[in-house]
Amino acid sequence: MAITIACISGKGGVGKTTTTINLAAALAERGRRVLAVDCDPQSNLTSGLGFDPYRIPVTIGDVFAGRVRSAPDAFLSTHWENLWLLPAKPDLSAVENDLNSSLNRELLLRDALSRDGIQASFDFILFDTPPNFGFHTVNVLAAIRYVLIPVQMSGYAIKGLKEVLRTVHAARQRLNPELRILGIVATFVNLRTNFSRDMLEGLREIPNLTVFDTIIKLTVKLQETSLAGIPVTSYAASSEAALAYRSLADEVLAHV
Ligand SMILES: Nc1ncnc2c1ncn2[C@@H]1O[C@H](COP(=O)(O)OP(=O)(O)O)[C@@H](O)[C@H]1O
Ligand SMILES: [Mg+2]
């Protein structure tokens, strides 16, 4: 059975997509078979792995809408060994309105991924989500085991974190009793500022919550990689950011 993990934060610009891409690439480097699933209509995971969302014929939107026979019809192999993509394009934002039944609309993704031997074909399935708790994120929460929460070192982060924890709690009660918080990964860390250091310290004091030792520092390298459509583990294989995502992958492997 694949280990399923989603990056969720409810906010934009905190490093969800960057973490999904680079954790996926680092796990693939470690020899794990990884499927990355783009559940955000912004399609940044898709472009971040080198594809043009506007030119992809079959996407996760077709899976949601039942326009493909099975989800693997939409899988793409990437340039990187062991790494596959279930891509998105912007029409994903409209899929909710196109569904003609309101029955089980929160379980569409879970049902699609539980068929066709998908769970047995991968070691990991990683999900990227939009910056809200709407239809797409709820479908992801119903389909996964583990939530990974990127927390950007900024003033609003703790409020955002509380919202994620509340949402996960509600989803566990109502939708998916298996749901667990895998942990928090601190992103955009600038250790030259007291702010980042104090916030990290504060996060680590929250009881019953794993904060990974690995921190993702603020670096222009990660901005460059999103534009280039290449994971940092390949784009700048020996950069600090690449080493950090490899170390996060090792911590994740130890926790699941
Ligand atoms: N640690 C980092 N340092 C600098 N820039 C980053 C870092 N992580 C992500 N970015 C950049 O910040 C922007 C937002 O990150 P992204 O992963 O897309 O966030 P989200 O998916 O949560 O909206 C992107 O342009 C990305 O390249
Ligand atoms: Mg994103």
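The structure we're discussing is the one just above.
Everything quoted here is computed from the prediction, not taken from an experiment.

Caption draft 1: Examining the layout of surface pockets more closely. When its volume is computed, the largest pocket comes out at roughly 520 Å³. Around the largest pocket sit 30 residues that line it, and G15, T17, T18, F188 and S226 are the ones nearest its centre. When contributions to the lining of the largest pocket are tallied by element, the ones reaching two or more residues are α1 (16–29), α2 (44–48), β7 (180–189), β8 (211–217) and α10 (220–228). If one sorts the elements of the lining of the largest pocket by residue count, α1 sits on top with six residues. Among the residues forming the lining of the largest pocket, the class breakdown is 10 nonpolar, 17 polar and three charged. Here the second largest pocket is characterised by a volume of approximately 360 Å³. As for the second largest pocket, its lining consists of 18 residues, and the residues nearest its centre are M1, T4, A143, I144 and R145. Looking at the lining of the second largest pocket, the elements that each hand over two or more residues are β1 (3–7), α5 (108–113) and α7 (135–143). Taken together, the residues of the lining of the second largest pocket sort by class into 11 nonpolar, four polar and three charged.

Caption draft 2: Expanded view of the side chain of Q119. When you line up the elements, Q119 lands in helix α6 (residues 118–121). You can call Q119 buried: its relative accessible area is 14%. Other than its neighbours up to four places away in sequence, Q119 contacts M1, A2, T4, L113 and I125.

Caption draft 3: Summary view of the site of ligand 1. Not every one of the 15 residues close to ligand 1 is listed here, only the nearest: G13, T17, T18, K217 and S226. With respect to ligand 1, the backbone of K217 contributes an N or O atom lying 2.9 Å from a nitrogen atom. In this structure, an oxygen atom belonging to ligand 1 sits 2.5 Å away from a side-chain N or O atom of S226. Burial of ligand 1 by the protein amounts to 83% of the accessible area it has alone, namely 560 Å². More than half of the atoms of ligand 1 fall within 2 Å of the grid points belonging to the largest pocket.

Caption draft 4: Representation of the pairing of strand β6 (residues 146–152) in the model. In terms of burial, β6 is largely enclosed, as six of its seven residues are buried. Relative to β6, β1 is paired through three bridges, and the arrangement is parallel. Along β6, the bridge assignment pairs C7 with L148. Two strands pair when backbone bridges link them, and β6 and β7 are joined in this way by seven bridges, in the parallel orientation. Note on β7: the bridge partner recorded for V151 is A186.

The rules behind the values
- Residues numbered from 1 in each chain as written.
- Chains lettered and ligands numbered in written order.
- Predicted model: local features only at pLDDT ≥ 70, side-chain atom pairs only at ≥ 80, totals over all residues.
- Heavy atoms only, no water.
- 1 Å grid on protein atoms, 1.4 Å probe; cavity = no way out; pocket = protein on both sides within 12 Å on 5 of 7 lines; lining within 4 Å.
- Points joined across faces, edges and corners; volume = space filled by probe spheres on them.
- Helix = DSSP H or I, 4+ residues; strand = E, 2+ residues; numbered from the N terminus.
- Nonpolar A, V, L, I, M, F, W, Y, C, P; charged D, E, K, R; others polar.
- Buried < 20%, exposed > 50% of the residue type's maximum accessible area, 1.4 Å probe, protein only.
- Contact = heavy atoms within 4.5 Å.
- Near = heavy atom within 4 Å.
- Polar contact = N/O pair within 3.5 Å; in protein donor to acceptor, adjacent residues only side chain to side chain.
- Areas by Shrake-Rupley, 256 points an atom, 1.4 Å probe, with all protein chains shown as cover.
- Sits in = over half its atoms within 2 Å of the grid points.
- Pairing = 2+ DSSP bridges.

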